[in-house]
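Observations on chain architecture
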Amino acid sequence: MTKDAFSDWTKVIKTTTKPDKESGAINPAIQLSSTFEQRDFDHFGHWDYARSGNPTRDVLEESIAELEHGTRGFAFATGMAAISTALLTLNQGDHVILTKNVYGGTFRLVEEVLTKYGISHTFVDLGNPADLEEAFQDNTKVVYVETPSNPTLQVTDIRLVAKIAHDHGALVFADNTFMTPVLQKPLDLGADLVVHSATKFLAGHSDILAGLVVTKDEDLGKQIYFLQNAMGATLGVSDSWLLMRGIKTLAVRMEKESQNALELAQWLEQQELVTKVNYPGLEADAGYAVQSSQAKSGGAVLSFDIGSEDNVRQLVAELKIPIFSVSLGAVESIISYPPKMSHAEMNVEERHDRGITDGLVRYSVGLEDINDLKADLHQAFLKIKE
Ligand SMILES: *Cc1c(COP(=O)(O)O)cnc(C)c1O
């Protein structure tokens, strides 16, 4: 059996459990050393200075590359550090097309930072191939996809976007934060580079910030390596270790949390107070067919509308289980109110244009008992109706 014949359930364990040759310790050491002794004046070893690479981070970087079916992986201090490093492969005068439902931090990066360096962009509805075709310019180098999107869970057909982008000579970058490689492998679907906020599902416990990049080919890998070392937003060794600890349970968490999310979405569809449920694992969802063709499930995040900001305010006050906060992808359920949290910087029209209505709640479903999660929502809904 070759290594690649293993399923992801085996790989999340095998790639993060590397017995140390000298001591036999089964976990990679947290190698707290900024520099590495060179034994010979003329021949330097594999590691020299820890920004350029270190034994702990190396194991993590190989693990994510293997899980995403890429050639090289890179670990960064945050998701935004990973995304900005990836986008800085672009040069002055280049143009990037992004999904209009892109993560808020990525929106800010292209709008307020990359523009300063002469890198321009266009936001399009990637669900509409004609809009995408129209957005290409002679200098378009990258199409940036995020699927399913936040917080309305809109699905983009990665194969279709990759075909169109490649026909125009552009690369495809995919933010795979919401799915992780155990549910969706963008590189297998035609993308050239994957980015992650590993802060979310990959770490999985709301404990660290981290970002990852994986490239499909060696050439793009070399560019990212150069920039990772040149800009230096690397992940520290303790957080690299914690991230690997999280990855070990990724497959089991994603499966169970997806099951919980599907069951919760189906239950929410039946509730009088709920006017809309966004979850691509529901057969009635507009993204269901594409999602089923490119991912193993609908994932663990859903959103639903209960009519008004006042109703959401009451819901947040009455719920006993989920944490009310930004972020997602953890063992504990987390609810958030996008209009005042992740999407507070948008004006009302921009928000409504993206389906982020005043009664919208985002729910990142954790590992609690699904019957408790439903009962909790049920008691809160009863109070709202009074
Ligand atoms: C959180 C998030 C990011 C940013 O990651 P940080 O780790 O917070 O820097 C990027 N993309 C998506 C989809 C996210 O949810």
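Since the model is a prediction, treat every value here as computed from it, not as a measurement.

With that settled, consider the domain arrangement of the protein. The domains assigned to the protein are domain 1 (3-248) and domain 2 (252-385). Distance between the C-alpha centres of domain 1 and domain 2: 27 Å. Domain 1 puts 34 residues into the contact, and the matching count from domain 2 is 38 residues. When the buried area of domain 1 at its contact with domain 2 is split by residue, Pro-151, Leu-183 and Phe-201 rank highest and sum to 23% of it. Where domain 1 meets domain 2, there are 1 salt bridge. The salt bridge partner of Lys-100 is Asp-353, with a shortest N-O separation of 3.6 Å. The interface formed by domain 1 and domain 2 includes 12 residue pairs in polar contact (both at pLDDT 80 or more). Taken together, the residues of the side of domain 1 that touches domain 2 sort by class into 16 nonpolar, 12 polar and 6 charged.

Inspection of the secondary structure assignment puts Pro-322 in the loop between helix 11 (309-318) and strand 10 (323-324). On the accessibility criterion, Pro-322 (10% relative accessible area) is buried. Spatially, the C-alpha atoms of Pro-322 and Tyr-363 are 8.4 Å apart, while their sequence positions differ by 41 residues. Excluding residues within four positions of it along the chain, Pro-322 makes contact with Ser-333, Ile-334, Ile-335, Tyr-363 and Asp-376.

A word on the sheet that holds strand 4 (residues 140-146). Here we have 7 strands laid out as an open sheet, ordered 1-7-6-5-4-2-3, and mixed in their pairing. Only two strands of the sheet have a single neighbouring strand rather than two, namely strand 1 (72-76) and strand 3 (120-124). Strand after strand, the sheet turns through a mean of 20° between neighbouring axes, direction not considered. The pairing of strand 6 (residues 193-197) with strand 7 (residues 211-215) spans 5 bridges and is classified as antiparallel. Bridge pairing in strand 7 places His-196 opposite Leu-212. Sheet strands in contact with helix 6 (residues 158-167) are strand 4 and strand 5 (171-175), and its direction is about 150° off that of strand 5.

On to the site of the ligand, then. Lining the immediate environment of the ligand, one finds 13 residues, of which Gly-79, Met-80, Asp-175, Thr-199 and Lys-200 sit closest. In this structure, Asp-175 approaches the ligand through a side-chain N or O atom, which is 2.7 Å from a nitrogen atom. The separation between an oxygen atom of the ligand and a polar side-chain atom of Ser-197 is 2.9 Å. Taking 380 Å² as the accessible area of the ligand by itself, protein coverage stands at 92%. According to the grid-proximity analysis, the pocket containing the ligand is the largest pocket. For the shell around the ligand, the per-class residue count stands at 5 nonpolar, 5 polar and 3 charged.

Thresholds applied
Once a new chain begins, its residue numbering starts again from 1 and follows that chain's sequence as written. Selection of residues for local features in this predicted model requires a pLDDT of at least 70, selection of side-chain atom pairs for listing and counting requires 80 or more, and totals for whole chains, interfaces and linings are taken over all residues. To obtain the side-chain values, all non-hydrogen atoms of the structure were included, while hydrogens and water were left out. Each domain's extent was defined by an automatic or database domain assignment. For this analysis, residues touch if any pair of their heavy atoms sits within 4.5 Å. Two parts placed together each lose some accessible area under a 1.4 Å probe, and adding up what both lose gives the buried area. What makes a salt bridge here is a side-chain nitrogen of Lys or Arg within 4 Å of a carboxyl oxygen of Asp or Glu, nothing more. Under the rule applied, a polar contact is a pair of N or O atoms within 3.5 Å (in protein, one hydrogen donor and one hydrogen acceptor; residues adjacent in sequence only if both atoms are side-chain atoms). Residues are grouped as follows: Ala, Val, Leu, Ile, Met, Phe, Trp, Tyr, Cys and Pro are nonpolar; Asp, Glu, Lys and Arg are charged; every other residue, Gly included, is polar. Going along the chain from the N terminus, every DSSP run of H or I of four or more residues is numbered as a helix, and every run of E of two or more is numbered as a strand. Burial classes follow relative accessibility: with a 1.4 Å probe on protein chains only, a residue under 20% of its type's maximum area counts as buried, one over 50% as exposed, and anything between as partly exposed. Strand pairing is defined by DSSP finding a minimum of two bridges between the two strands. Axes here refer to lines fitted to C-alpha atoms; in helices the fit is confined to the stretch in contact. Angles between the N-to-C directions go from 0 to 180 degrees. Residues are counted as near a molecule or strand when any one of their heavy atoms sits within 4 Å of it. All accessibility values rest on the Shrake-Rupley procedure with a 1.4 Å probe; residue burial counts only the protein chains present in the view. A pocket here means an open set of points on a 1 Å grid, computed over the protein atoms alone, that has protein on both sides within 12 Å along at least five of seven lines. A cavity is instead a set of points where a 1.4 Å probe fits but cannot get out; residues with an atom within 4 Å of a point line either one. Should more than half of a molecule's atoms lie within 2 Å of a pocket's or cavity's grid points, that molecule is taken to sit in it.

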